[in-house]
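Results of the structural survey
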Amino acid sequence: MKLINLYLAIMLSVFLTFSCTDVLDMAPDGKISLEEVFSDNDKVGAFLNSCYSNLPTKGTRYFFWSRGPVNWSDESWDTDAEAESWLTSGRMYNGDASAANHPSVQWSNDNNGDYWDKYWSSIRNLAMFLERIDEAAVDNPDDRKRWKAEAHVLRAYYYMELLKWYGTGLPIVRTPYDFSDDFSKVEKSSYFEVVQFILEDCNAAIAIDELPYRITSGGEAGRVNKALAEAIKSTAILFAASPLYNDGQNHWEEAYQINLNAVQNLKNNGYELYNQVNLPQTYLSDVAYIGEEKNPYAALYNEYFTQTTAYAANPVDKETIYQSREGQGNIWNIDGIGAQDGYKSGTCPTQELVDAYETIDGEPILNLQNPYLDEQHLYPNYNPDNTLYDPQNPYANRDPRFYASIYYNGSKRKSLWNFAEAPESFENYPAGIGNRTRVIATYVGEPQTGIHPTVRRATRTGYFQRKFLHPNSGGDNPVGGANWKYYRLGEIILNLAEAAAEAGHLMEATAAANEIRSRVNMPELPQTLTQEELILRIRNERRVELALEENRYFDVRRWSSPEGDLSETDRWITGAEIIRNEDGTYTYSRRNVREVERKNYTNKFLHVPIPLNEANRLQSITGTNWQTPGW
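Attention shifts here to the packing of helix α4 (residues 41–50) against helix α9 (residues 115–132). The geometry of α4 relative to α9 is characterised by a closest axis approach of 9 Å and an angle of 150° between their N-to-C directions. Judged on the interaxial angle alone, α9 and α4 are roughly antiparallel. Viewed along their axes, α4 and α9 form a crossing whose handedness is left-handed. Along its contact with α4, which presents V44, F47, L48 and S50, the element α9 presents N125, L126, M128 and F129.

Printed below as a string of structure tokens:
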């Protein structure tokens, strides 16, 4: 419930408003004051709890079960983009966006969207909480300290998300605004100033002993921790140092030092990469194929992303820093392999993403400096040093993470659906549907899962997503998707690798990248790479390790210049053109997913716009244009 809705009509933008739960809003006489809230221990705790309510669910919970930023980058194509062009991805691809009606933030589904209103609402509440908590009626002094630390972390998180989506031009709200304030004095802060404020909040939280590094009890599931503060610091300074946001200043040494400290603190407090298969009966069974045969490194990676992190003092998963409070639901039906009883295949990985996976000798497939010879990505510029890659046998000898993340033509999985096609598409037939092994077929003309431009259960690109799909999930066993991992140690190590490379600490950068690669048995990056070569390899390592986790959408933007655009990465998206020959072999080439370019690559799409009414209100009161460039 909005407590001061009237501000939306007569005052500054929504960051002046705040919301609480009904139990806080209403007393027996229908009213309750803030003094009453902060004079009662339980209400103080409940007020803080309400500040968690705008955390996004992410994953498939964007509007109409889309993966949002994953589908709006060059990582994947959304099944719904053509069949339902009015939905978010279709509108994004068609450039159908304005400050008054931008599809990526227009709708709010499980808090994915409507960020400007929701995050400023939470920031205002948190400013109010921090202003009052020292004098509030709290029974346990340790609770007071911990709650204060949590508020600092939450405010840092919401600010970081606003920076990622909207870019610079945000006000710093240390204390809540009131009716008597002079709103004309509200000022834009630079990107780096906001990042410094985020770091300040994170440091304040980390300094409070009562805030733990890890949540160890299910009764506290979803509460923030010191590790999240470390991760936000790592991300904020990395963005501030990046070309889009650095305002011509060099912040890479600071980014390196902060990331080095964050990684060390996380490791000192029990965080480590997920490093062994814990459920071999599921992920290394005879029917859990990954690649041509059982692959323990691919199985390890696949297991990590299909399991929800337990809250325990010594959990199996020590890598996840913070996860969503809710699962993803039965994603097999809306974001998996096409099937007769499946609704849609959802997220279809692109050929561009497939091209990013190296061969097992550690050589890139393409020339990373100039990966394609044409703007439509139909003519790859192959790496001449790669001797293992064969364009007519393109899925052999690849990085184990490829097999764990993507279903391709000829890959295998346990079949749990009632397909109508002929038995030849199964192995172990007819031992019962639960024991069959499904051979995935994505060639042109395959009736169930082959490439098709409009059928929702078909692939758009020749690929299906595997990364988040449990190997036993299907029509007769709807295993839900795991809770979304907001931050994990693997990402922070790659943040360190990038910052170290950009700052000239090449040995440290290489060591950090190699730590990630060794987890899946990929060869180490050589120490002989130049700084430019190493930066390219680390950027590609991010693309592979963090594939389909929402990072790529923001990475390609922060790596752009303020005057740049996304024409090299996001304008043309390709898939595999797979023709089945009469002798059962296949011929592979490439095709654009559609004949016309995507329109969401121009400069203005580096950020989303501030809602038009809010931008107009801000300008009329302060005399300053707050709108993001191009909108």
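With that out of the way, let us pick up the nonpolar core. Of all hydrophobic cores here, the largest spans 157 residues; its most connected members are I198, I232, I321 and Y487. Top element by residues in this core is helix α10 (residues 141–166). It accounts for 14 residues. In contact with I321, other than residues within four places in its own chain, are N225, A227, L228, A231, L266, Y271, Y487, R488, L489 and I492.

Even without being a glycine, K58 presents a positive backbone phi close to 60°. Within the secondary structure layout, K58 lies in the loop between α4 and α5 (69–72). We classify K58 as buried; its relative accessible area is 7%. The phi angle at E550 is positive, at roughly 80°, despite the residue not being glycine. Within the secondary structure layout, E550 lies in the loop between α20 (531–545) and α21 (551–558). On the accessibility criterion, E550 (6% relative accessible area) is buried.

Attention now moves to the side chain of K485. You can see K485 is positioned in strand β9 (residues 485–488). Of the side chains bearing the opposite charge, D317 lies closest to the buried K485, which forms no salt bridge; the N-O distance is 4.1 Å. Those residues in contact with K485 that lie beyond four places of it in its chain are Y304, F305, Q307, T309, D317, T320, Y322 and Q323.

On to the packing of aromatic side chains, then. Summed over the entire model, instances satisfying the criterion amount to 44 aromatic pairs. Through pairs of rings, three or more aromatic residues link up here, namely Y62, W72, Y115, Y119, Y157, Y158, W165, Y322, Y486, Y553 and F554. Between R214 and the ring centre of Y271, over which it is positioned, the NZ or CZ distance is 4.0 Å.

Let's shift gears to the pairing of strand β11 (residues 586–592). The sheet contact formed by strand β10 (residues 574–580) and β11 spans 7 bridges and is antiparallel. Bridge assignment links I578 to a residue of β11, and that residue is Y588. What sits between the antiparallel neighbours β10 and β11 is a turn of 5 residues, in which G584 has the positive phi angle 90°.

Turning our attention to the packing of helix α12 (residues 226–241) against helix α18 (residues 489–503). Across the interface, α12 lies against α18 with an axial gap of 10 Å and an inter-helix angle of 35°. Relative to α18, the crossing made by α12 is left-handed. Listed contacts from α18 to A231, S234, T235 and L238 of α12 are E491, I492, N495, E498 and A499. Within the contact of α12 with α18, the residues separate by chemical class into 4 nonpolar, 3 polar and 2 charged.

Cut-offs used in this document
Residues numbered from 1 in each chain as written. Predicted model: local features only at pLDDT ≥ 70, side-chain atom pairs only at ≥ 80, totals over all residues. Heavy atoms only, no water. Axes fitted to C-alpha atoms, helices over the stretch in contact; angles between N-to-C directions. Helix = DSSP H or I, 4+ residues; strand = E, 2+ residues; numbered from the N terminus. Parallel < 35°, antiparallel > 145°, perpendicular 65-115°, else oblique. Left-handed = near helix turned anticlockwise from the far one by under 90°. Contact = heavy atoms within 4.5 Å. Core = buried A, V, L, I, M, F, W, Y, C linked by side-chain atoms within 4.5 Å. Buried < 20%, exposed > 50% of the residue type's maximum accessible area, 1.4 Å probe, protein only. Lys, Arg positive; Asp, Glu negative; His and termini not counted. Salt bridge = Lys/Arg side-chain N within 4 Å of Asp/Glu carboxyl O. Phe/Tyr/Trp six-rings, centres within 6.5 Å; stacked < 30°, edge-to-face > 60°. Lys NZ or Arg CZ within 6 Å of the ring centre and 35° of its normal. Pairing = 2+ DSSP bridges. Nonpolar A, V, L, I, M, F, W, Y, C, P; charged D, E, K, R; others polar.

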